[in-house]
Amino acid sequence: MSGTFIGMPSFPEAARDAVRDTTLRGNLRHATHTIRAKRAGAVAELDDWAQLREAGKQIKDRTLRHLDRHLEQLERAVTAAGGTVHWAADAEEANRIVTDLVEATGETEVVKVKSMATQEIGLNTALETAGIRAYETDLAELIVQLGDDLPSHILVPAIHRNRGEIRDIFRDHMQDWGRPAPDGLTDRPADLAEAARLHLREKFLRAKVGISGANFMVAETGTLVVVESEGNGRMCLTLPETLISVVGIEKVIPTWRDLEVFLQLLPRSSTAERMNPYTTMWTGTTDGDGPRAFHLVLLDNGRTDTLADEVGRQALRCIRCSACLNVCPVYERAGGHAYGSAYPGPIGAILTPQLRGTATELDASLPYASSLCGACYEVCPVAIDIPEVLVHLREKVADQGGAGHRLERAAMRAATWLLDHPAALTAGERLASRTRKLHPKRLPGPGAREWTNSRDLPELPDRPFRDWWKKNHA
């Protein structure tokens, strides 16, 4: 791909360029408002939505408290059903495991059903380095791959593209990856979908190895669950001889009964449907039915560190519905690429800095990519208090230093001293009032200057409040 997540500019810098793209903003506004309205209607149908939401939150929190126990139970169940479990501490180990498994089959092609975990670890690039070509089969992921692009949304990775752009991508690049686009391809959704269907069908029928993620893993039976709307997942999960699933350790839930709750929460929050058109479940291997070999790669990659943070760990409740993106005023204007992560939007602003740390300028900027309006918390189906975590992470970023934060701490120390010395405070107020005509309209310095680019500094009165009080109420 032409761009990478790591090494991208900080969020303010990337967002500044994004908001100038009127086509991007138009695409995002239309798509997010449409999804938002449909979701509200689907949720309003359930009188017990608040209770379902609370149940989802409680199940996730209870599972995370005993995550080690549930993962060990999952491993035993998967193994007993004929599968093989691999543990990956980080992205490098996960990529090595998957690459070795594919190479062991002798194949040089794999088909994929959308998995954000594989985007997180850069699996496609790792496979390409080993001479293995990975074909994305989700329609939006296909658009992104053919366009040498990056995903910008959790549910609709190509949300930043309109129909005309998609037609041009198919027409210009589809032949580089297999069957070319039909002659005279139009931008009608039905024609675009048919072109993708024809292009992918030969890959489904030829592929011997499939790679997937999972929405949920049921510990008591070792069952994995994928929900999707196009049927590509069903093809990837059933036709290949070998299936490799790369799943974050937080996706485990204890029982089938728990799954019932999430299969009501997820479709209504993500696609505004009562249930997903395709819900595929598989448990190990079965002779004569589905893949002959099943491998489950359990991915940590920062999740254990996140779990150790009592405030930040609630981000691990996320079921990847994308509802928070569709209501976020910042995401609507900046788009997903500005977040520099496989996880854009409000959830990405709290999950990415915990998984990757805040050592880079980009990751340190993500907790500030929010107005703290709280809309994301209101729509989250598992009640993640994203604003609370954002503030918590901002404190961590400030504590680690940096030019702007050092200046802020110095200013706070000076203000503390001044407020502890009334005589000095009074003298300072009088001096500020007498020189008010000389005060600038904007503050100096990078951070302060950006703050006052769209705000005028308040004009000081001609005398301090204390002097006014003495004169009028002595």
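Here the structure is shown first, and the text comes after it.
Here goes a summary of the coordinates provided. All of these numbers come straight from a predicted model, not from anything done at the bench. (Residues numbered from 1 in each chain as written. Predicted model: local features only at pLDDT ≥ 70, side-chain atom pairs only at ≥ 80, totals over all residues. Heavy atoms only, no water.)

Attention shifts here to the pattern of salt bridges. All told, the structure shown has 23 salt bridges when counted by the stated rule. When the shortest N-O distance is used, the salt bridge between Asp149 and Arg161 registers 3.1 Å. In this pair, Asp149 is assigned in the loop between helix H8 (139–146) and helix H9 (163–173) and Arg161 in the loop between H8 and H9, connecting sequence segments 12 residues apart. Classification of Asp149 by relative accessible area gives buried; the value is 12%. Exposure remark for Arg161: the relative accessible area of 26% places this residue in the partly exposed category. (Salt bridge = Lys/Arg side-chain N within 4 Å of Asp/Glu carboxyl O. Helix = DSSP H or I, 4+ residues; strand = E, 2+ residues; numbered from the N terminus. Buried < 20%, exposed > 50% of the residue type's maximum accessible area, 1.4 Å probe, protein only.)

Attention now moves to the packing of helix H3 (residues 49–65) against helix H12 (residues 256–270). One way to put it is that H3 packs onto H12 with a least axis distance of 10 Å and a crossing angle of 120°. When the interaxial angle is binned, H3 and H12 end up oblique. For the crossing formed where H3 meets H12, the hand is left-handed. For the pair H3 and H12, the contacting residues are Trp49, Leu52, Arg53, Ala55, Gly56, Ile59, Lys60 and Arg62 in the first and Asp258, Val261, Phe262, Gln264, Leu265, Arg268 and Ser269 in the second. (Axes fitted to C-alpha atoms, helices over the stretch in contact; angles between N-to-C directions. Parallel < 35°, antiparallel > 145°, perpendicular 65-115°, else oblique. Left-handed = near helix turned anticlockwise from the far one by under 90°. Contact = heavy atoms within 4.5 Å.)

This next bit is on the environment of Thr435. Mapped onto the fold, Thr435 is located in the loop between helix H21 (422–434) and helix H22 (446–452). For Thr435, a relative accessible area of 26% corresponds to the partly exposed category. It is 53 Å that separates the C-alpha atoms of Thr435 and Ile154, two residues lying 281 residues apart in sequence.

This brings us to H12. With 15 residues, H12 ought to run about 21 Å at 1.5 Å a step, and its terminal C-alpha atoms sit 21 Å apart, in line with that. For H12, the principal kink sits at Phe262 and spans about 25°. Along H12, the residues that are buried comprise Asp258, Leu259, Val261, Phe262, Leu265, Leu266, Pro267, Arg268, Ser269 and Ser270. Count one or two residues on from H12 and you reach Ala272, which has phi positive near 60°. (Expected span 1.5 Å × (residues − 1). Bend = angle between axes of the 7 residues up to and from the residue.)

Between two packed helices, both the angle of their axes relative to each other and the distance between the axes serve to describe the pair. Between H8 and H9, whose axes approach to 9 Å, the crossing angle comes to 60°. When the axes of H8 and H9 are compared, the pair comes out oblique. Note on packing geometry: the crossing formed by H8 with H9 is left-handed. Residue-level inspection shows Leu139, Leu142, Ile143 and Leu146 of H8 in contact with H9, the latter providing Ile166, Ile169, Phe170 and His173.

With six of its six residues buried, strand E6 (residues 223–228) lies for the most part within the structure. With burial as the criterion, each face of E6 is covered, one bearing Thr223, Val225 and Val227 and the other bearing Leu224, Val226 and Glu228. Summarising the sheet, strand E5 (residues 216–218) and E6 pair through three bridges and their orientation is antiparallel. From the neighbouring strand, Phe216 faces E6, where its bridge partner is Val225. Two successive antiparallel strands, E5 and E6, enclose a turn made up of four residues, where Gly222 displays a positive phi of approximately 75°. Here six bridges tie E6 to strand E9 (residues 278–283), and the two strands are oriented antiparallel to one another. Note that in E9 the partner of Thr223 across the bridge is Thr283. (Pairing = 2+ DSSP bridges.)

So, about a nonpolar patch on the surface. The grouping of Phe465, Trp468 and Trp469 at the surface amounts to a nonpolar patch, some 360 Å² of accessible area in total. Its location among the elements puts Phe465 in helix H23 (residues 465–473). (Patch = residues over 30% accessible without salt bridge, like charges linked within 9 Å, V, L, I, M, F, W, Y side chains within 5 Å. Areas by Shrake-Rupley, 256 points an atom, 1.4 Å probe, with all protein chains shown as cover.)

This part takes up the packing of aromatic side chains. Taken as a whole, this structure holds eight aromatic pairs when the rule is applied. Taking 5.8 Å as the distance between ring centres and 25° as the angle between the ring planes, the aromatic pair formed by Phe465 and Trp468 counts as stacked. In this pair, Phe465 and Trp468 are both assigned in helix H23, three residues apart and thus about one turn of the helix distant. Within the aromatic cluster, the residues linked to one another by ring pairs are Phe11, Tyr331 and Tyr339. (Phe/Tyr/Trp six-rings, centres within 6.5 Å; stacked < 30°, edge-to-face > 60°.)

Its identity as a non-glycine residue notwithstanding, Asn301 has a phi of 50°, on the positive side. For Asn301, the location among the structural elements is in the loop between strand E10 (293–299) and helix H13 (303–307). Residues other than glycine seldom take positive phi values, yet Leu372 does so here, at roughly 60°. The residue Leu372 is located in the loop between helix H17 (361–365) and helix H18 (375–379) in this model. For Leu372, a relative accessible area of 34% corresponds to the partly exposed category.

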